[in-house]
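Architecture and fold: a report
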Amino acid sequence: MRHFFPIFFLFCLTLPALALQTIRGTIVDGTSNKPIDFVNVALLKSEDAPPATGVVTDEAGNFLLPNVPIGKYVLRVSFVGYNTLTIPLNVTNKELNVGKIKLTEDSKALSEVQVIGQGTQMRFEIDKKVFSVDQNIAAAGGSATEVLQNIPSVDVDNEGNVSLRNNSSVEVWINGKPSGLTAENRAQILQQMPAESIESIEIMTNPSARYNPEGTAGIINLVMKRNRRAGYYGSVSAGSMWAIGSLPGFNSGLNINYNKGAIDAYINLGYRAMNFNGGGWTNRYNLNGTDTLSLLSQQSRTAFSYNGLFTRAGINYRFHENHTLGLSGFGMIGGGGGYFDNDYKLRNFQTNVLLRDFNRYTEDTGTRPGMNASLDYKWDIDKKGSNLMSSVSYSTHQRTQDEIYLQTDRIIGDSSKVLQSTTGTNRELEMKLDYTQKFSEATRLEAGWQSTLEDRFGPSSAEDLMLNKPVHTFFNEFDYSEQIHGGYVTFGSRVDKFSFQGGLRGEYFWRHAINKQKDENGTIKEVDYQPKGDMQWFPSVFMSYSLPENNELQLNLTRRVDRPRGRQINPFRDFTDSTNISYGNMDLEPEYTMAYEFNYLKTWDNHSLSSTIYHRATDDVIQRVSFINADKTMESTYMNITRSQSTGLELVVKNNLFKILNLTSSLNFYYNTLAASIYTSPYNTVSQIPAQENFTWSGRVMGNIILGKTTFGQITADYSAPRLIAQGKQSSSYAIDLGIRQTFLDRKLSLNLMVRDLLDSRRRSSVTFGEGFYQQSESYFHGRMVGITATYNFGNMKPKRSEQRREDSGMMDMGGMDE
């Protein structure tokens, strides 16, 4: 690391400064010949290459692209409601004036329909990959969870936990902000969020110092839909989703956008009611050294249903030519419930004598209301793109849960019935200020500040329903608060074919927690985890070099952090599975990761390739560990137990074949090592985990095909090879999804049919081991699903001109300003 910066700056100083030129022109309406402002003008090395630079036209329709190296390019001009225009250019040693460029309105001809049917599934940007959700037919009528399951390198397990490149330490944002999503609530929020409300998914595996360093794997940003057209525009949808073996569910949505003058307003409503089935099995071998003493077999069945309303609304007011104020937010209400039916049999492994035979039946009901509100302001300082943005956002998410455990011992005829009630409240206040100074199209300075204050309170209690008295040992009250204050500065520039950006972020992290529990007599025991503060620095470096023939090299490095929160640190003891009691560990320390990536991009006329070699070195790795207590019951908690090294190769390929087939394929080869470690359980038993290493891979292919003028199909297939986890391995998995879309009434009405998990193969199986046990398990949740959704678009289809914003200009959109 210490040798890297001198080499980097030496490289910058020795770059030759070649001749640079300017491209200028004017965009007008092809019919009225009137200028159009806020048109996107992008300069590319080829039609499929990522933009080298870009601007938007001013009120007179004029655009200026300065500092362009000599060479051949493609100028791409696009605006909502008009046909996109591409123009080949040859930049020589003098300024290039392309004159007037006329845009023609959308004619809805067959050729244009084919372009829409084959819309880009993925595009590359310098610091992220962007995946279009509009092109994801197989997720129509589904939720954000189903959308993420079809994104390359992203995985969502049966419990809704999200991981990126086999790493669960990932941040999930909405419109560039955390929006109150945490590891505890985001599975439920993503399941309630309609897929139709999402425009695209941004994957940032190595974000710069401008962004929050949380999440050692990176950031997944959900960009919500935005439709800025003059007058009003909207859509209404309704459909049904059926998980085989359960009752059909229902989904509906309403989206309305209104734009006039300086005002943009919108409201989105989405309602979902779903029913699922699940189940699984576990075989646990209890050991004494190398001898097997007993076998505990578990068979589980579950049924679950929920319904909820997800709402988004906002308004942006451009009260001055250069000043915009926005108020936006989202909210969700609803609840669900179900049952978990678990059968247990404990046998002597040598004699096969049945030692225990019991059933644990759990009824579960709960609610998870939540909301997020954001006030945003932006000042466009100059026409170069310099700006100042500020925002204040507040979110609160609540949780209530009642679980009734009925346990029956079939051998002795004994039974017990316990009601456990848990509530939780999470409140977060975030304040941000971001400044961007663009000295030219090639050089910019960014600086900013962010403060986040968060409070979590989670009491839990229990009652014995047979004896009508409280169960004191189930009582827990966890009161947690934290603050993060951070500032950053980044500087980036481009010299001929070389681009670079360097940045540094400093963060001060403070936390305090108080936990209360009761002993068997009801006496409260309070533990005050004293306030603890820590200052850390997070550098980032990005470099890019364009080679001839549409080749590009990128190198970047960052430092990132994964701070333990929620269930990882809450000492609350979860008795949902009486044979595996789980709880958190307040003594956990953060994980720190150095992340390195080297990217190679290559584009052809109808194909593109992105290859990434990445390496991550993580200290104080947090892992879930299990051990057997004195009562021969398994307990699980979290510990900092080891150091990991992860190296991988990710390949993402786009292919346009035969004018009717678009393929997006990804392969991820991954090598991981975990250093040997020793940990001590709360019962002072010492366990040793040997050093482990594992090579695994995963692949996903999504194919979009034009079946007719108004008919489009899609197939998605994915496979994950066995991979290393703490104390064991997870087995391979695979799945296939299908979708077909038919449009009617000049594309105003569309009908989507989808089949998820066609082969009913989306199951999770694993093998784990530790001191005194060896365990095999498999689980599944909902399995094969069939759905149908109809969507009708209405309103004014004309584009909004004066107030139209460029998509990546950093202006406010639904949910606030872009990062």
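Note that the coordinates shown come from a computational prediction; the quantities given were computed from them, not determined experimentally.

**Brief notes about the overall build of the protein**
Helix and strand counts for the protein stand at 4 helices and 47 strands. The 819 residues of the protein split such that 53% are buried. Of all intrachain contacts in the protein linking residues separated by at least 6 positions in sequence, the fraction that spans at least 24 positions is 67%. A total accessible area of about 35200 Å² is found for the protein, and carbon and sulfur atoms account for 57% of it.

**Description of the pairing of strand S44 (residues 773-781)**
Relative to S44, strand S17 (residues 263-288) runs antiparallel, the two being bridged by 9 bridges. Residue pairing in the sheet places glycine 280 in a bridge with serine 779 of S44. Two elements, strand S43 (residues 763-770) and S44, share 8 bridges in a ladder whose sense is antiparallel. Within S44, the residue paired with serine 765 across the bridge is glutamate 778.

**What to know about the nonpolar core**
Counting residues in hydrophobic clusters, the biggest one holds 27 residues, and the most contacted among them are Leu148, Met193, Ile201, Ile220 and Leu222. The residues contacting leucine 222, other than those within four sequence positions of it, are Leu148, Val172, Trp173, Ile174, Asn175, Leu190, Met193, Ser200 and Ile201.

**As for the pattern of salt bridges**
For the coordinates displayed, the defined rule picks out 28 salt bridges. The closest approach of N and O atoms between glutamate 507 and arginine 505, which form a salt bridge, is 3.0 Å. An identical accessibility class is assigned to glutamate 507 and arginine 505; each is buried. Of the charged contacts, one joins lysine 532 and glutamate 589 as a salt bridge, the two residues approaching to 2.5 Å between their closest N and O atoms. Of the two residues, lysine 532 sits in strand S28 (residues 524-547) while glutamate 589 sits in the loop between strand S30 (580-582) and strand S31 (591-603), which places them 57 residues apart along the sequence. Its relative accessible area of 38% is what places lysine 532 among the partly exposed residues. Here glutamate 589 falls in the partly exposed class, since its relative accessible area comes to 32%. It is possible to trace a salt-bridge network through shared partners that takes in Glu214, Glu482, Arg505, Glu507, Arg563 and Arg565.

**Points about the sheet that holds strand S5 (residues 71-78)**
As summarised here, the arrangement of the 4 strands in space is S3-S2-S5-S6, forming an open sheet in which the pairing is antiparallel. A strand with exactly one partner marks an edge of an open sheet, and here the two such strands are strand S3 (53-56) and strand S6 (85-91). Sheet twist, expressed as the average angle between the axes of neighbouring strands with direction ignored, equals 20°. Direction of pairing for S5 relative to S6: antiparallel, over a ladder of 7 bridges. If you follow glycine 71 over to S6, its bridge partner there is valine 91.

**Section: the side chain of threonine 490**
You can see threonine 490 is positioned in strand S26 (residues 476-495). Given the relative accessible area of 2%, threonine 490 is considered buried. Excluding residues that lie within four positions of it along the chain, threonine 490 makes contacts with Ala209, Arg210, Arg444, Leu445, Glu446, Gln501, Gly502 and Gly503.

**Some words on the confidence of the model for the protein**
Across the protein, pLDDT averages 82, with 88% of residues at or above 70. The model gives residues 107-120 a pLDDT under 50, and that stretch makes 26 contacts with residues more than four places away or in other chains. Every residue in residues 797-819 scores below 50 in pLDDT, and together they form 103 contacts with partners more than four places removed in sequence or on other chains.

**Let's talk about the packing of aromatic side chains**
Using the criterion set out here, one finds 14 aromatic pairs in the structure. Plain terms: the ring middles of phenylalanine 250 and tyrosine 271 are 6.5 Å apart, the flat faces sit at 45° to each other, and that makes the pair tilted. Within this pair, whereas phenylalanine 250 is found in strand S16 (residues 250-260), its partner tyrosine 271 is found in strand S17, the two being separated by 21 residues in sequence. According to the relative accessible area criterion, phenylalanine 250 is partly exposed, its value standing at 40%. Arranged with centres 4.6 Å apart and planes meeting at 15°, the rings of tyrosine 344 and phenylalanine 358 form a pair that is stacked. Placement of the pair is tyrosine 344 in strand S19 (residues 323-348) and phenylalanine 358 in strand S20 (residues 354-367), with a sequence separation of 14 residues. For phenylalanine 358, a relative accessible area of 3% translates into the label buried.

What counts and what doesn't
- Residues numbered from 1 in each chain as written.
- Predicted model: local features only at pLDDT ≥ 70, side-chain atom pairs only at ≥ 80, totals over all residues.
- Heavy atoms only, no water.
- Helix = DSSP H or I, 4+ residues; strand = E, 2+ residues; numbered from the N terminus.
- Buried < 20%, exposed > 50% of the residue type's maximum accessible area, 1.4 Å probe, protein only.
- Contact = heavy atoms within 4.5 Å.
- Areas by Shrake-Rupley, 256 points an atom, 1.4 Å probe, with all protein chains shown as cover.
- Pairing = 2+ DSSP bridges.
- Core = buried A, V, L, I, M, F, W, Y, C linked by side-chain atoms within 4.5 Å.
- Salt bridge = Lys/Arg side-chain N within 4 Å of Asp/Glu carboxyl O.
- Axes fitted to C-alpha atoms, helices over the stretch in contact; angles between N-to-C directions.
- pLDDT = per-residue confidence, 0-100.
- Phe/Tyr/Trp six-rings, centres within 6.5 Å; stacked < 30°, edge-to-face > 60°.

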